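# Chain and residue survey
So you can see what is in the structure, the chains are spelled out below.
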Amino acid sequence: MSAAVVLDPARALDHEIIGLPDAPVVLALGGISANRHVVRNEDDAAPGWWEGVAGRGRAIDTDTRRVLGVDYRDGGRGEDGRPASIVTTHDQAARIIEVLDQLGIDTLEAIVGASYGGMVALALAERWPERVRRLVVISAAHEPLAMGVGLRSIQRRIVELGLETDRAAEAMALGRALAMTTYRTAREFSERFDVVPECSNRNAEFDIERYLVGAGDKFATRMRPERFLALSLSVDLHRVTPESIPVHTTVIAAQGDTLVPPAQLRAMARRLPNLAAMHTLKSRFGHDAFLTEQRRLGVLLSATLAD
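These figures come from a predicted structure and were not determined experimentally.

About the thresholds
- Residues numbered from 1 in each chain as written.
- Predicted model: local features only at pLDDT ≥ 70, side-chain atom pairs only at ≥ 80, totals over all residues.
- Heavy atoms only, no water.
- Phe/Tyr/Trp six-rings, centres within 6.5 Å; stacked < 30°, edge-to-face > 60°.
- Buried < 20%, exposed > 50% of the residue type's maximum accessible area, 1.4 Å probe, protein only.
- Lys NZ or Arg CZ within 6 Å of the ring centre and 35° of its normal.
- Axes fitted to C-alpha atoms, helices over the stretch in contact; angles between N-to-C directions.
- Helix = DSSP H or I, 4+ residues; strand = E, 2+ residues; numbered from the N terminus.
- Parallel < 35°, antiparallel > 145°, perpendicular 65-115°, else oblique.
- Left-handed = near helix turned anticlockwise from the far one by under 90°.
- Contact = heavy atoms within 4.5 Å.
- Salt bridge = Lys/Arg side-chain N within 4 Å of Asp/Glu carboxyl O.
- Expected span 1.5 Å × (residues − 1).
- 1 Å grid on protein atoms, 1.4 Å probe; cavity = no way out; pocket = protein on both sides within 12 Å on 5 of 7 lines; lining within 4 Å.
- Points joined across faces, edges and corners; volume = space filled by probe spheres on them.
- Nonpolar A, V, L, I, M, F, W, Y, C, P; charged D, E, K, R; others polar.
- Polar contact = N/O pair within 3.5 Å; in protein donor to acceptor, adjacent residues only side chain to side chain.

### Describing the packing of aromatic side chains
- One pass over the structure, following the stated rule, counts 6 aromatic pairs.
- Judged by centre distance (4.8 Å) and plane angle (15°), the ring pair of tryptophan 49 and tryptophan 50 falls under stacked. As far as burial versus exposure is concerned, tryptophan 49 and tryptophan 50 are alike and both buried.
- Three or more aromatic residues joined by ring pairs make a cluster, and in this case those are Phe189, Phe193 and Tyr211.
- If you follow arginine 176 out to its NZ or CZ, it ends over the ring of phenylalanine 219, 4.1 Å from the centre.
- Taking the ring centre of tyrosine 211 as reference, the NZ or CZ of arginine 192 above it sits at 4.6 Å.

### With respect to the packing of helix H4 (residues 168-183) against helix H6 (residues 207-220)
- In the contact formed by H4 and H6, the axes pass within 7 Å of each other and the chain directions differ by 125°. Between H4 and H6, the interaxial angle falls into the category oblique. H4 and H6 meet at a crossing whose hand is right-handed. Residues Ala169, Met172, Ala173, Arg176, Ala177, Met180 and Thr181 of H4 lie in contact with H6, whose contacting residues are Tyr211, Leu212, Ala215, Gly216, Asp217, Phe219 and Ala220.

### Describing the pattern of salt bridges
- Using the criterion set out here, one finds 25 salt bridges in the structure.
- Linking arginine 95 and glutamate 98 is a salt bridge whose minimum nitrogen-to-oxygen distance equals 3.9 Å. Taken together, the positions of arginine 95 and glutamate 98, both in helix H1 (residues 89-103) and 3 residues apart, correspond to about one turn of that helix.
- Arginine 95 sits in the buried class, given a relative accessible area of 15%.
- On the basis of relative accessible area, glutamate 98 is assigned to the partly exposed category, the value being 35%.
- The partner of aspartate 101 in a salt bridge is arginine 131, and the shortest N-O contact between them spans 2.9 Å. With aspartate 101 in helix H1 and arginine 131 in the loop between helix H2 (116-127) and strand S8 (134-138), this pair connects stretches of sequence that are 30 residues apart.
- By relative accessible area, which is 12% here, arginine 131 ends up buried.

### Examining helix H10 (residues 294-306)
- Here H10 spans 18 Å end to end across 13 residues, near enough to the 18 Å set by a 1.5 Å rise per residue.
- Within the sequence span of H10, burial applies to Gln294, Leu297, Gly298, Leu300, Leu301, Thr304 and Leu305.

### What about H1?
- Spanning 15 residues, H1 covers 21 Å between terminal C-alpha atoms, matching the ideal 21 Å at 1.5 Å per step.
- Thr89, His90, Gln92, Ala93, Arg95, Ile96, Ile97, Val99 and Leu100 are the residues of H1 that are buried.

### Digging into the layout of surface pockets
- As a volume, the largest pocket reaches approximately 910 Å³.
- Ser33, Arg176, Tyr183, Asp288 and Leu291 are, among the 42 residues lining the largest pocket, the residues nearest its centre.
- If you list the elements that add at least two residues to the lining of the largest pocket, you get H2, helix H3 (146-164), H4, H6, helix H7 (225-237) and helix H9 (289-292).
- At 5 residues, H6 tops the list of elements feeding residues into the lining of the largest pocket.
- Among the residues forming the lining of the largest pocket, the class breakdown is 20 nonpolar, 15 polar and 7 charged.

### Observations concerning the environment of glutamate 109
- Examined against the element boundaries, glutamate 109 turns out to sit in the loop between H1 and strand S7 (110-114).
- Sequence separation between glutamate 109 and aspartate 91 is 18 residues, and the spatial gap between their C-alpha atoms is 21 Å.
- The contact partners of glutamate 109, leaving out residues within four places of it in the chain, are Pro24, Val25, Val26, Arg65, Arg133 and Arg134.
- Looking at glutamate 109, its side chain comes within polar contact range of the side chain of arginine 65, at 2.8 Å.

### Overview of empty space enclosed by the protein
- Overall, the coordinates contain 1 cavity of 30 Å³ or more when judged by the stated rule.
- Taken as a whole, the largest cavity holds about 30 Å³ of empty space.
- Lining the largest cavity we find Glu16, Ile18, Arg36, Val38, Val39, Val67, Leu68 and Gly69.
- Sorting elements by how many residues they give to the lining of the largest cavity places strand S6 (residues 66-70) first, with 3 residues.

### A few points about the packing of H1 against H2
- Running from N to C, H1 and H2 cross one another at 70°; their axes reach a closest spacing of 8 Å. With respect to each other, H1 and H2 are oriented roughly perpendicular. In this structure, H1 contributes Thr89, His90, Gln92, Ala93, Ile96 and Ile97 to the contact, and H2 contributes Tyr116, Met119, Val120, Ala123, Leu124, Glu126 and Arg127.
- Residues belonging to the contact of H1 with H2 are distributed by class as follows: 8 nonpolar, 3 polar and 2 charged.

Such coordinate-based values are descriptive only and should not be taken to indicate function.
Written as structure tokens, this is what we have:
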């Protein structure tokens, strides 16, 4: 198995493709934190972001398919630390088309996209339906819900305040901590965390507070503020018309997902002209189920991609 990695800052999009040279290609796209390294390979033994779904013997099997991953482009960095330009899901799709042209790939066997990656998959299929045979769209809809837009807007405001006060890292951590409350469910948090505080003379700290702050701190070390702002806004600017997507499409919702509820995905699915199937993944994790339920998701994807 060989890997090819392209680094071209001028094009603002890197990619990694692994698998047999003549095998059909599946593009795997994840959330705004995902990158081109989908699964470990001979050239990069570090774990990828979707190890339970892609790789040898997995749902996206690198013994029979090539797996393509990309780094999302962002808006660059302006003098004030904010993005220099707006980036849409259609912009991401256009850059992916450039990569396909560069690699000599006329048609993808499939795009399997989750969260933001599912939005990009829909955008690509709307503009370039001839470049992909099928879509698997997981926890991603044709447009965002108002509640999600509102919560992400607050996250961006927190980060912008951090930039203005030279406390960007702290702001990024707080913004991510808030985001984590939307990626998971109340049920999971109730089952995992005790609400009895650990008290001192002047303060009280909670288990869930430590978890959220820790997740935020970790995120702040690997995501630049301007990149987060650009990709978060890109989610809220996303719009496609389901009726204009002729590609064979499977839609997968996650139980308990408050950002992209199953009801919204069922409504989108009814408008798709070439719907293959609509599934709801049982999970207590909500929106993050595509990461936390990789084995269960893999079983579903194996059957879907085998059709």
